[in-house]
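Residue-level listing of the chains:
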Amino acid sequence: MSSGAPKGENCLVDMDSKAGELFSAEDAHPTGTGGTGVLAKLWLPKGLSVSVAKEWFDRRRVSIRPWASFVDQRKFSKPRNFGELCQRVVKNVEVYNSNYTFIFLGLILYCIISSPMLLIALAVFAGAFYIIHLKSLESKLVVLGKELNVPHQMSLAGAISLPVFWLAGAGAAVFWVLGATLFVIGSHAAFRQLEGTDLDELLMEPV
């Protein structure tokens, strides 16, 4: 007796189609209220989709240099003069830009995790922005005769959550992240020796 359940290739095709319906947001309504996918139901504003972030992350991950070589102590030395220092910094920033990006993101993550008040401030900002965005989907938000677009909505959410960020010491956190990033990346770029191919390229450049 046939149970009516799809079998073999038909089952695989059916599972693929269901997965596509679940995670696809391409059929979402321009306002963010249409579509049947999970991403569509999140009502993400245009330009802030998960696919854009994933594409950026994948590009960075592909271009990242091996971490073992990145931290190999045998390849660190003091530059002989200021000219070599500048050459190292410029070339290493170009070569290891993806590694430096992940270091920067890691410092931001550490700063957020180590500060509960900062987590609360970010939650307030995200909640305020989400509520404002939902209201804009229901009806146009107009301030001083001008409709609020996504950047304006983010600015309004930032203004609402500003007191919480101030209480959380967000300014000090920003300066800490920037200072730590400049120290770590600057030290690595200055003392990391250039690879043989990089030296050949520098020697071949016209003066």
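Predicted model only: the values in this text are computed from it and were never measured.

Peer 1: Just checking my understanding: could you explain the pattern of salt bridges for this structure?
Peer 2: For side chains of opposite charge, pairing can occur when their charged atoms come near one another. In total, this model carries seven salt bridges according to the counting rule given. The shortest N-O distance in the salt bridge between Lys-54 and Asp-58 comes to 3.0 Å. You can see Lys-54 and its partner Asp-58 sitting in helix α3 (residues 50-62), four residues apart, about one turn around the helix. The class of Asp-58 is partly exposed, set by a relative accessible area of 21%. Lys-91 is the partner of Glu-94 in a salt bridge, and the nearest nitrogen-oxygen pair spans 3.8 Å. You can see Glu-94 and its partner Lys-91 sitting in helix α5 (residues 82-95), three residues apart, about one turn around the helix. The structure contains a network of salt bridges with shared partners spanning Lys-54, Asp-58 and Arg-61.

Peer 1: Explain the environment of Ser-115 here, please?
Peer 2: Its place among the elements puts Ser-115 in the loop between α6 (97-113) and α7 (116-138). In sequence terms Ser-115 and Ala-168 are 53 residues apart; their C-alpha atoms lie 7.8 Å from each other.

Here is what the cut-offs are and how they apply
- Residues numbered from 1 in each chain as written.
- Predicted model: local features only at pLDDT ≥ 70, side-chain atom pairs only at ≥ 80, totals over all residues.
- Heavy atoms only, no water.
- Salt bridge = Lys/Arg side-chain N within 4 Å of Asp/Glu carboxyl O.
- Helix = DSSP H or I, 4+ residues; strand = E, 2+ residues; numbered from the N terminus.
- Buried < 20%, exposed > 50% of the residue type's maximum accessible area, 1.4 Å probe, protein only.

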